[in-house]
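# Breakdown of the fold
Spelled out, the chains give:
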Amino acid sequence: MTAGTARVAEVVVDGTALFLDKRFDYIVPPGMDVSPGVRVVVPMRDSVRSGIVWAVREVANVGGLRPLARVIDRVPVLTPHQMRMAEWLCDRYAATLPEAVSAILPGAFRVRVRKVIVPSADAPVPDDVKASTLFRFIAESEPEWSEIRARSKADERAARAWAEAGFVREELRVDEAVGEKRRAYLVTRASEVDLRREAERRSRRARRQSELLLHLAEAGEMPWDRRAYPLSSVAPLIEAGLVAVAERRVKRAPASLDAEEPWPELTPYQVAAVRALAEMARQGHGVALLHGVTGSGKTEVYMHLIRGAIEDEGQALVLVPEIALTPQLVQRFERRFGGRVAVLHSGLSLGERREEWTRVLEGEASVVIGARSAVFAPMRKLRLVVIDEEHEPSYKQEDAPHYDAREVAMWRAREAGALVVLGSATPSLASMFRVERGDARLVSLPVRANRRPLPPVDVIDMREELRAGNRSIFSRRLAAELERTVSEGMQAILFLNRRGYAHAALCRACGHSMECPRCDIHLTVHRRADGHVLVCHYCGHEEPLVRRCPACAEDALVPYGLGTEQVEQHLLRTWPAMRVLRMDLDTTRRKGALESIIDRFQRGEADVLVGTQMIAKGLDFPRVRLVGVVAADAMLTLPDYRANERAFQLLTQVAGRAGRAETDGITLIQTYQPGHRAIEAAKSHDYRQFYERERESREFFRYPPFCELAVFLASHSEERLARGAAARFERELARSPSAASLTVLPAGPSGIRRIDNVYRYQVVMKYAAWQDVKEDVVRAYRLVKEKMNRLGGSAVLDVNAQRI
Ligand code: ADP
């Protein structure tokens, strides 16, 4: 190795091992063009890995360093702002750098190397060199070798001959850069002959060719989907002169600011809210809590602010709890802002996501809508961040890096000088507390946009139903209201926060409940065409439900506790003419199923929609008159310090689906605990009262927002190792300098002790400020994690945990 000044790149290298959590130095070979944010391939021990250049510096002595193997991108895939964000994620959530980078740019490190042939001379290949027409075409479009091979041995020979003559050369291509679009091709009609006749001729021997011709006869051109029509089926048609392949250049229609939908006149409350928020936005960074009752028209307020941001040449980010659950909201934005909207969701392929990112990066998209991970989108001119339904737990990522999109958004907004609007009908305690401390400003929409009152909420004591001899799952009142609603041609929503047919299978003789053999959790009963089955919602284990109890051998096992499937069954049995739709995880797995259910209900193809919490999030059905909560008790007993908050939020949100437009609504809550705090507050629509009481108990028991929580979780297939790791972590904390600033709850099994035969033990910590305890907690965490990894287990740390 020669000494002397040279450029050195600091690289974050892909991998989960703890030793990779730093930047590695590599020499930049002379002539190689690298800048921070580009992806590279680097040697690491005996192999190569992908990485991202973090910084480039001049050094006097590079003794011992190895050179970068190659550069992948011409333009950086991460902006400097995103790189700072990655560093902040590490600091705030004890994430490793590769973890943080992968969260910001999914698939960043997934690099694909392809062999392509590229034209090497400026002069075209002379006509007298033998090769098929097709080969000429593909040789000019930089095909992959595999595509050539798919075609013919002759072309493969031609490729070699051409390479020897210097017309083309072989090149290694690393996966396309994030900032570039992969070339797309169109198949077009190339001759005037009757393609239908040609299709007919081929319909037997070459079905795909025939299909393609028919399509072109109809449409003239189509995008070339190479999976449906591989080169081998297109090539003969090109050679026969029937079709041609052309590079596709699509330009989105330039979007006008006001797409199609007119802007309605705002209500006076909306006007005041927009004015106050726009004024805040003008002053730069700030945080506002928009507390608007359900149906108060928060979305309209967001859209006005977004329009302001765009007129100001800026970009806006709109976060929603789950993009799949909010097709209506996305449509509303698209109708207003047309082609300026970029929608980011997990259903996008890597390539599609990159295209959307590019549109954001280049400023073509000025409104980005997405769930949690959209908070990392590369906006350069961020002016506004809207966090809709800010109280939803899904903003917190459950896996490493355990980031909270609300916090990330606030960090970004602070850096960019943008306004954050947290919107909710039931603000989280954390956000309300922010207002109380003066860190956020409260803006309210106290009445509905349609000027109707909030739907009255009546609580039905199910104990009285039993006393009156009604054993149905529907109280007499709910049954009567259902009948009335349907007979008047209106719609109803029935909410139950449990999917499946029954919550559990229980033995009537001995009380045994059926548990999963691999998890410490009871099995849920589901209905299938051929009978009932028991399903584990954690590991997927399935077994038939039999009558015989394995514990006492009596034929006494029965489904116990309501699930949504059973509610649907009861409805159909009691009112056979009723048209019922069900919306839960089981009916919405298939792509497009959820949209279809929402669509059908909106079009009035059903009278009743039965569903889990999925139906509580922001849906807007104008014809819903009645909302029934079938069994509120299912959510009052969760073992979580936030159970009350969650219950109140869900009840209020569900109740808010009634009476949104054309009619007055009504909500009925069935429960065995009518005096429960969350139910009483939902009944009186009294957020303030709920907040005050909940705040008091949080303060008394010292729970967030009066402290922050972190949870350390060790997992191992051997219970003693998981337990031991948690105990070790606890001991490390006890003797650390931060011990006085930490309240450490005793190590013990986590909520579910065993999942899929892996044991889980945890340590819960409480502290006032992460900065004060961070160093010691992270040191203890890394120590135990390293040990656990060596033993074949794992350890994670969830900072600012929302659940324990
Ligand atoms: P939220 O998000 O606060 O629950 P939405 O924004 O969904 O409320 O608004 C509820 C309903 O009221 C929607 O159907 C919406 O189109 C309508 N709406 C909102 N603002 C207005 C307005 N200014 N004029 C007329 N209708 C409005």
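It should be emphasised that the depicted structure is a prediction, and the values quoted were computed from it without experimental measurement.

Cis geometry marks the peptide bond from Ala400 to Pro401, where omega comes out at -10°. Take Pro401: it is sitting in the loop between β15 (382-387) and α13 (405-416). Of the consecutive residues Pro704 and Pro705, the connecting peptide bond is found in the cis state with omega at 5°. By the element assignment, Pro705 lies in the loop between α21 (687-701) and β29 (708-716). The phi angle at Glu389 is positive, at roughly 50°, despite the residue not being glycine. As for its placement among the helices and strands, Glu389 is situated in the loop between β15 and α13.

Taken together, six strands build an open sheet; the order of strands is β18-β28-β27-β19-β26-β25 and the sheet is parallel. Only two strands of the sheet have a single neighbouring strand rather than two, namely β18 (457-461) and β25 (580-583). Ignoring strand direction, the axes of neighbouring strands in this sheet form an average angle of 20°. Where β18 lies against strand β28 (residues 666-671), five bridges are found, and the strand directions are parallel. Looking at β28, one finds that Ile460 is bridged to Gln670.

Moving on to the confidence of the model for the protein. For the protein, the mean per-residue pLDDT works out to 88, and 91% of the residues sit at or above 70. Predicted confidence is poor over residues 177-181, with pLDDT under 50, and the contacts of this stretch with residues over four places away or in other chains come to 16 contacts. The low-confidence segment residues 250-258, where pLDDT is below 50, has seven contacts with residues more than four positions distant or belonging to other chains.

Right, let's talk about helix α23 (residues 770-790) for a bit. Between its first and last C-alpha, α23 extends 28 Å over 21 residues, near the 30 Å set by a 1.5 Å rise per residue. Approximately 30° is the largest bend angle found in α23, and it occurs at Asp776. Among all positions in α23, only Val773, Val777, Ala780, Tyr781, Val784, Lys785 and Met788 are buried. With its phi angle positive at about 85°, Gly792 sits one or two positions after the end of α23.

Moving on: helix α9 (residues 268-282). What sets the pattern is the α-helix's 3.6 residues per turn: residues three or four places apart point alike. Look at α9: 21 Å from first C-alpha to last across 15 residues, which is about the 21 Å you get at 1.5 Å a residue. For α9, the set of buried residues is Gln270, Ala273, Val274, Leu277 and Ala281. Buried positions in α9, seen along its axis, are confined to an arc of 100° and lie on one side of it. For α9, the exposed residues lying more than 90 degrees away from the buried face are Pro268, Glu279 and Arg282. The elements touched by buried residues of α9 are β11 (286-292), α10 (298-311), β15, β16 (419-424) and β17 (441-445). After α9 finishes, the residue Gly284 shows a positive phi value of roughly 100°.

Quick look at the site of the ligand now. Around the ligand, 18 residues are found, and the nearest of them are Pro264, Gly297, Lys298, Thr299 and Ala449. The element best represented in the shell around the ligand is α10, accounting for three residues. Class assignment for the residues of the shell around the ligand results in four nonpolar, nine polar and five charged.

Rules used throughout
Residues numbered from 1 in each chain as written. Predicted model: local features only at pLDDT ≥ 70, side-chain atom pairs only at ≥ 80, totals over all residues. Helix = DSSP H or I, 4+ residues; strand = E, 2+ residues; numbered from the N terminus. Pairing = 2+ DSSP bridges. Axes fitted to C-alpha atoms, helices over the stretch in contact; angles between N-to-C directions. pLDDT = per-residue confidence, 0-100. Contact = placed C-beta atoms within 7 Å. Expected span 1.5 Å × (residues − 1). Bend = angle between axes of the 7 residues up to and from the residue. Buried ≥ 20, exposed ≤ 12 C-beta atoms within 10 Å, placed from the backbone. Arc of directions from axis to C-beta. Near = placed C-beta within 6 Å. Nonpolar A, V, L, I, M, F, W, Y, C, P; charged D, E, K, R; others polar.

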